[in-house]
Amino acid sequence: MKRTATRLADGRELIYYDAHDDAVRDAFDRRPLAPAASRSEIRHDPLLDEHIGYAAHRQDRTYLPPADQCPLCPSQGDRLSEIPAQSYEVAVFENRFPSFGDGTGRCEVVCFTSDHHASFADLTEEQAALVLHAWTDRTAELAQHPGVRQVYCFENRGAEIGVTLGHPHGQIYGYPYVTPFTERALRSVRAHRARTGANLYDEVLATERAAAERVVLDTPHWTAFVPHAARWPYEVHLYPRHRVPDLRALDDDARAAFPAVYLELLRRFDRIFGEDAGPTPYISGWHQAPFGIDDREDLALHLELFTIRRSPGKLKFLAGSESGMGAFVNDVLPEAAAARLREVATDK
């Protein structure tokens, strides 16, 4: 695999990832852009002990442009985009409209393919492996960034989720703080270790595999299951069989096996509600251990994939209880969700 780093006209970093070492990436950005500047701000809520980001400049970001004006497609002739090359495999660049930055974290865009009309589920295993390589490489580099405490590689897919660009892409957030979900998990893991001497993630995975009723896929290197207390109508957690804190620590076998497993999960998600329902909107993201803590090895790398669609034509809205109090009420039993995800397996 080959990594080629360059700069866009406004100074932002752009990195091409290619499956073959002979790829040439020498196109330069011809746009007349002013130097990039972030106007984001982070404030702390003392009552909830949480950080909130403010990025008013994001109000002006590109919103659902037609395909021939997509900023994530390759540049062609006089139609110049965020990607100067006329074609690419995987490209990562600093977000032009970041949620935070300038020493207080980092926001990046990951373009999975140059094909505007594809989705991640349409990728080949080789293409998915290249995306995994990019996620891993960015995690390794951002781990050295002085303003980053935690890295989250994720994809929002579908207008229902709030996606503003239809091109298949995801994002990478290098948070300047430890996120609320991870802080809560850390408290639980530490309390469990102090109480029992065991690792809570290991026990959750072992319990799900032994019970099997919520397991969706179980392979020699990965296990996917609907959690016992799933928040979302269809929610799957994907764990490597051997606990590691982040993507950098995955062994070669797990890394090689990931593309087939993940693509199968995404394709099943698109079949949950039947062909007439259209592509399933989802959020997918890697939970990785934060940097700079002594017990980061106790946290377990895993991917969480979920949809806000609860049935054809109906979405799970975060209304009074969820938004106002953070108390979730789910419309689909986890066991029923797991059964449905097994029903729609590709080999059925």
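Structure: see above.
Just so we're clear, the structure is a prediction, and the values are computed from it rather than from any experiment.

## A short note on the layout of surface pockets
What the second largest pocket holds in volume is close to 440 Å³. Lining the second largest pocket are 24 residues, and of these Ala36, Ala37, Ser38, Arg96 and Pro98 sit closest to its centre. Class assignment for the residues of the lining of the second largest pocket results in nine nonpolar, eight polar and seven charged.

## Observations concerning the sheet that holds strand E7 (residues 150-157)
Picture the strands of a sheet paired through backbone hydrogen bonds; they go either parallel or antiparallel. Strand order across the open sheet formed by eleven strands is E1-E2-E5-E6-E8-E7-E12-E13-E11-E10-E9, with antiparallel pairing between neighbours. In this open sheet, the two edge strands, each paired with only one partner strand, are strand E1 (2-7) and strand E9 (215-218). Pairwise comparison of adjacent strand axes, ignoring direction, gives a mean angle of 15° for this sheet. Relative to strand E8 (residues 169-175), strand E6 (residues 106-111) runs antiparallel, the two being bridged by six bridges. Bridge pairing in E8 links Arg106 to Gly174.

## Side note on the pattern of salt bridges
All told, the structure shown has 31 salt bridges when counted by the stated rule. When the shortest N-O distance is used, the salt bridge between Glu82 and Arg31 registers 2.7 Å. In this pair, Glu82 sits in the loop between strand E4 (50-54) and strand E5 (90-94) while Arg31 sits in the loop between strand E2 (13-18) and strand E3 (41-45), placing the two residues 51 residues apart along the sequence. The pair Glu82 / Arg31 is uniform in exposure class, with both members buried. Among the ionic pairs, Glu213 bridges to Arg214, the shortest N-O distance being 3.3 Å. By relative accessible area, which is 41% here, Glu213 ends up partly exposed.

## Considerations on helix H2 (residues 180-196)
Look at H2: 24 Å from first C-alpha to last across 17 residues, which is about the 24 Å you get at 1.5 Å a residue. Those residues of H2 not exposed but buried are Thr182, Leu186, Val189 and His192. End-on, the buried residues of H2 take up no more than an arc of 135°, which puts them together on one face. Of the exposed residues in H2, those oriented more than 90 degrees away from the buried face are Arg187, Ala194 and Arg195.

Conventions and cut-offs
- Residues numbered from 1 in each chain as written.
- Predicted model: local features only at pLDDT ≥ 70, side-chain atom pairs only at ≥ 80, totals over all residues.
- Heavy atoms only, no water.
- 1 Å grid on protein atoms, 1.4 Å probe; cavity = no way out; pocket = protein on both sides within 12 Å on 5 of 7 lines; lining within 4 Å.
- Points joined across faces, edges and corners; volume = space filled by probe spheres on them.
- Nonpolar A, V, L, I, M, F, W, Y, C, P; charged D, E, K, R; others polar.
- Pairing = 2+ DSSP bridges.
- Helix = DSSP H or I, 4+ residues; strand = E, 2+ residues; numbered from the N terminus.
- Axes fitted to C-alpha atoms, helices over the stretch in contact; angles between N-to-C directions.
- Salt bridge = Lys/Arg side-chain N within 4 Å of Asp/Glu carboxyl O.
- Buried < 20%, exposed > 50% of the residue type's maximum accessible area, 1.4 Å probe, protein only.
- Expected span 1.5 Å × (residues − 1).
- Arc of directions from axis to C-beta.

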